Amino acid sequence: MDKRAVAGRLSDSGLTSVQFVLAAGLSLLLFVGLANLVVVQYGRGAIRSALEQGVRTGSVTRSTDACQETAAGVASQLLGGAMSDRLVIACSTVGGGMVANADAVFQAWVPLTPDFVVSLRVEGFLEPER
């Protein structure tokens, strides 16, 4: 048995370092991309909740201003920061109902990935006047 071959293999270090660095880097990019998707889904849910609360308030008060203020306030509490920078909320009355629309753009965290564009609409009936 040749003892030089065994000793040479034991002293070889760093042969897999390039492969490991590439695999670790790609797996981190994948992880960040998946985390970005989770955050975008949270943002969609927060916007939907804000619109629903705005429509509830607007349908009771029969006021588009109250709808918009409530929706914007809830969205700022739930999102805040950079996520709400490109958020536009608009309320209107259509027929016998209150309609709230929101358009938002969430920036992608991974390079070469397009930004996430979100457009939501919530409708509710106006409460009868008393």
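Since this is a predicted model, take the numbers as computed values, not measurements.

**Student:** Help me understand the state of the cysteines in this model?
**Tutor:** This structure, assessed with the given rule, holds one disulfide. Here C67 pairs with C91 through a disulfide, and the sulfurs are 2.2 Å apart. The sign of the S-S torsion, about -65 degrees, decides the handedness of the disulfide formed by C67 and C91: left-handed. Separated by 24 residues along the polypeptide, C67 in helix α3 (residues 64-78) and C91 in strand β1 (residues 87-94) bring together distant segments of the chain. Accessibility classification places C67 together with C91 in one group, the buried group.

**Student:** What is the right way to read the pairing of strand β2 (residues 97-106) from this model?
**Tutor:** For a regular strand, the rule is simple: side chains alternate between the two faces of the sheet. With respect to burial, β2 is a largely interior element, seven of its 10 residues being buried. Across eight bridges, the pairing between β1 and β2 is antiparallel. Looking at β2, one finds that V88 is bridged to D103. Between β1 and β2, which pair antiparallel one after the other, the connecting turn spans two residues, and G95 there sits at a positive phi close to 60 degrees. Alignment of β2 against strand β3 (residues 116-125), held across 10 bridges, turns out to be antiparallel. By the bridge assignment, N101 is partnered in β3 with R121.

**Student:** Is there a simple way to explain the sheet that holds β3 in this structure?
**Tutor:** The pairing of strands in a sheet happens through backbone hydrogen bonds and is either parallel or antiparallel. Strand order in the open sheet formed by three strands is β1-β2-β3, and the pairing between neighbours is antiparallel. Pairing within the sheet leaves two strands with one partner each, and these edge strands are β1 and β3. Adjacent strand axes in the sheet meet at a mean angle of 15 degrees, parallel and antiparallel pairs treated alike. Together, β1, β2 and β3 form the strand contacts of helix α2 (residues 17-61), whose direction differs from that of β3 by roughly 25 degrees.

**Student:** Just to check I follow, could you spell out a nonpolar patch on the surface for this structure?
**Tutor:** On the surface, L30, L34 and L37 cluster together into a nonpolar patch covering about 290 Å² of accessible area. The exposure class assigned to L37 is partly exposed, which follows from its relative accessible area of 40%.

**Student:** What am I meant to see in the nonpolar core here?
**Tutor:** Nonpolar side chains in soluble globular proteins tend to end up buried together. Among the nonpolar cores identified, the biggest contains 23 residues, and I47, L51, L87 and I89 are the most heavily contacted of them. Only α2, α3, β1, β2 and β3 provide two or more residues apiece to this core. In terms of residue count, the dominant contributor to this core is α2 (six residues). When near neighbours in sequence (up to four residues on either side) are disregarded, L51 contacts A71, I89, A100, N101, A102, L120, R121 and V122.

**Student:** Can you help me understand the pattern of salt bridges in this one?
**Tutor:** Side chains carrying opposite charge are able to pair once their charged atoms draw close together. Under the defined criterion, the tally for this structure stands at two salt bridges. Here R121 ties to E123 by a salt bridge, and the two come within 2.8 Å at their closest N and O atoms. Taking relative accessible area as the criterion, R121 reaches 46% and is therefore assigned partly exposed. Owing to a relative accessible area of 54%, E123 belongs among the exposed residues under this scheme.

**Student:** So what exactly am I meant to see when it comes to the confidence of the model for the protein chain here?
**Tutor:** Averaged over all residues, the pLDDT of the protein chain equals 88, while 88% of them reach at least 70. Considering each helix and strand of the protein chain separately, the mean pLDDT is smallest for helix α1 (residues 3-11), with a value of 59, and largest for β2, with 96.

Rules used in this analysis
- Residues numbered from 1 in each chain as written.
- Predicted model: local features only at pLDDT ≥ 70, side-chain atom pairs only at ≥ 80, totals over all residues.
- Heavy atoms only, no water.
- Disulfide = S-S within 2.5 Å.
- Helix = DSSP H or I, 4+ residues; strand = E, 2+ residues; numbered from the N terminus.
- Buried < 20%, exposed > 50% of the residue type's maximum accessible area, 1.4 Å probe, protein only.
- Pairing = 2+ DSSP bridges.
- Axes fitted to C-alpha atoms, helices over the stretch in contact; angles between N-to-C directions.
- Contact = heavy atoms within 4.5 Å.
- Patch = residues over 30% accessible without salt bridge, like charges linked within 9 Å, V, L, I, M, F, W, Y side chains within 5 Å.
- Areas by Shrake-Rupley, 256 points an atom, 1.4 Å probe, with all protein chains shown as cover.
- Salt bridge = Lys/Arg side-chain N within 4 Å of Asp/Glu carboxyl O.
- Core = buried A, V, L, I, M, F, W, Y, C linked by side-chain atoms within 4.5 Å.
- pLDDT = per-residue confidence, 0-100.

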